[in-house]
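Spelled out from the first residue to the last, the chains are:
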Amino acid sequence: MMGKNKLAILGANESITMLIDKAKRLGYETHVFAWQCGDPGEKAADHFYPISVSDKEAILEQCRKIGICGICSITSDFAAPVAAWVARNLGLPGNPERTDIVARNKYQMRKAFKEYGGIYCPAFAKTGPEFDETIVRSFHFPVIVKPTDRWGSKGITRVDKMEDLRAAVLYAVRESYEKKAIIEEFMEGPEYSAECIVYHGEPEILQFTRKMTTGSPHYIETGHIQPSDIPAGKQDFIKETVKRGVRALGITDSAAHAEFRILENGEVGFMEIGARMGGGCIGTDLTPMTTGKDYIKMVIDVACGNRPCMDIVTEPEPAEVRFIIDQRDVEEFHSVDPKRIIRRSAFDPDCDKEVVDGSTRHGYYIIKRERE
């Protein structure tokens, strides 16, 4: 018989401890799977299994023995398809097999958007290290080059002229697991994201985030602000567009995180949509604080086949996360009124090291914002 209160969780990093703690408070027995490396979730779990998230067969075998009622992660693009695969093999709620591919591979995602229809798509092409300029002869520069299967700003470069494109392709290919890159015409406009929960194929948009980046050429995220500055009059259109994007990828039962730009012509141009919460404290911290809704509980509910509760359970409060990119950011942190600081990480003592993607940032802190 399937256990009624045994929840499998993939990963054991800092953000996962918030999922573990929430599950425990809800009465679940937590069974956590991750490569053993001393992450905090290893101790926080009721039961920890030193099995890599990449070993889905071993995770499935152990979950059969446990008799889990659901399996989930929260912010990992890598863990999301593993959780879905295990869920499908156990007859538990989760996303379909097609979503495992199109929600992780940026080229397959672009194809899915184009085939679904009614979703703006820039010109795009896929290449390996044997890059041939003829595939982009009709493109308008600038373009953006990305690995097809990575995240966290890894391997991303904006390219303004053809002669710089080959180097950017090779950089993206080096960072790619499948050694492929996607080249897209660059979409101009402010950058945002949308946090969603999807239950039985019906997406609900919880919050929009204004995303701050280093800009060209690598667009590493430097901060996230909620609520966003999207005018109220545009939000309904954007919500419906995000829902189309989520449906195009076949996301049926999980969180979803859509990253997009609002273009000058009013179109919504998606960079990507993941079958997960937004990382960088967006899903775990900002969305619950600014909506008053329990996003992590929603993820657990959906994984266990329960309709997510949309009730406001805490007083909504504007907030933002700021990332430490260099020493100036540390100095800015020290100038912030301590009463505004909600939470902070440890800061890397060597903040002069170059930040090349999201994983090499030197820390973060979350602060309350003034109400507008």
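Anything mentioned here points back to the structure above.
Definitions and cut-offs
- Residues numbered from 1 in each chain as written.
- Predicted model: local features only at pLDDT ≥ 70, side-chain atom pairs only at ≥ 80, totals over all residues.
- Heavy atoms only, no water.
- Buried < 20%, exposed > 50% of the residue type's maximum accessible area, 1.4 Å probe, protein only.
- Helix = DSSP H or I, 4+ residues; strand = E, 2+ residues; numbered from the N terminus.
- Contact = heavy atoms within 4.5 Å.
- Polar contact = N/O pair within 3.5 Å; in protein donor to acceptor, adjacent residues only side chain to side chain.
- Axes fitted to C-alpha atoms, helices over the stretch in contact; angles between N-to-C directions.
- Parallel < 35°, antiparallel > 145°, perpendicular 65-115°, else oblique.
- Left-handed = near helix turned anticlockwise from the far one by under 90°.
- Pairing = 2+ DSSP bridges.
- Disulfide = S-S within 2.5 Å.

J.: Hey, could you go over helix 6 (residues 106-116) for me, with residue numbers and the actual values?
T.: Every buried residue belonging to helix 6 is among K106, Y107, M109, R110, A112 and F113, and all of these are buried. Each element contacted by the buried residues of helix 6 is listed here: helix 5 (97-102), strand 5 (124-127), strand 6 (143-147), strand 8 (181-185), helix 8 (232-248) and strand 13 (268-274). Between the side-chain oxygen of the N-cap and the backbone nitrogen of Y107 there are 3.0 Å, and the N-cap of helix 6 in question is N105. Once helix 6 ends, the next one or two residues include G117, with phi positive near 90°.

J.: Residues and numbers for the packing of helix 3 (residues 56-66) against helix 4 (residues 79-90), please.
T.: Orientation of helix 3 relative to helix 4, taken along the N-to-C sense of each, is 45°, at an axis distance of 10 Å. Between helix 3 and helix 4, the angle falls in the class oblique. Once helix 3 is placed against helix 4, the crossing between them reads as right-handed. On helix 4, the residues that touch K56, E57, I59, L60, C63 and R64 of helix 3 are V82, W85, V86, N89 and L90.

J.: Outline the sheet that holds strand 14 (residues 319-323), listing residues and values.
T.: With antiparallel pairing, the eight strands of this open sheet are ordered in space as 13-12-9-10-11-14-16-15. Each edge of the sheet is formed by a strand with only one pairing partner; in this case those strands are strand 13 and strand 15 (341-344). Recorded for the sheet is a direction-independent mean angle of 25° between the axes of neighbouring strands. Relative to strand 10 (residues 202-213), strand 9 (residues 191-199) is paired through eight bridges, and the arrangement is antiparallel. The residue bridging I197 from the neighbouring strand is E204, located in strand 10. Strand contacts of helix 8: strand 9, strand 10, strand 12 (254-262) and strand 13, with the helix running at about 110° to strand 10, the strand carrying the most contacts.

J.: Got a sec to walk through helix 7 (residues 165-175)? Specific residues and values, please.
T.: Turning to helix 7, its buried residues are L165, A168, V169, Y171, A172 and V173. If you follow the buried residues of helix 7, they end up packed against strand 5, strand 6, strand 7 (157-159) and strand 8.

J.: An account of the state of the cysteines is requested, with residue identities and associated values reported.
T.: Under the definition given, this model contains zero disulfides. C69 provides the cysteine sulfur closest to C304, a residue in no disulfide bond, and the two sulfurs are 3.7 Å apart. For C304, a relative accessible area of 16% translates into the label buried. Distance from the sulfur of C309, which forms no disulfide, to the nearest cysteine sulfur (C304) is 15 Å.

Bear in mind that shape data such as this cannot, by itself, settle questions of function.
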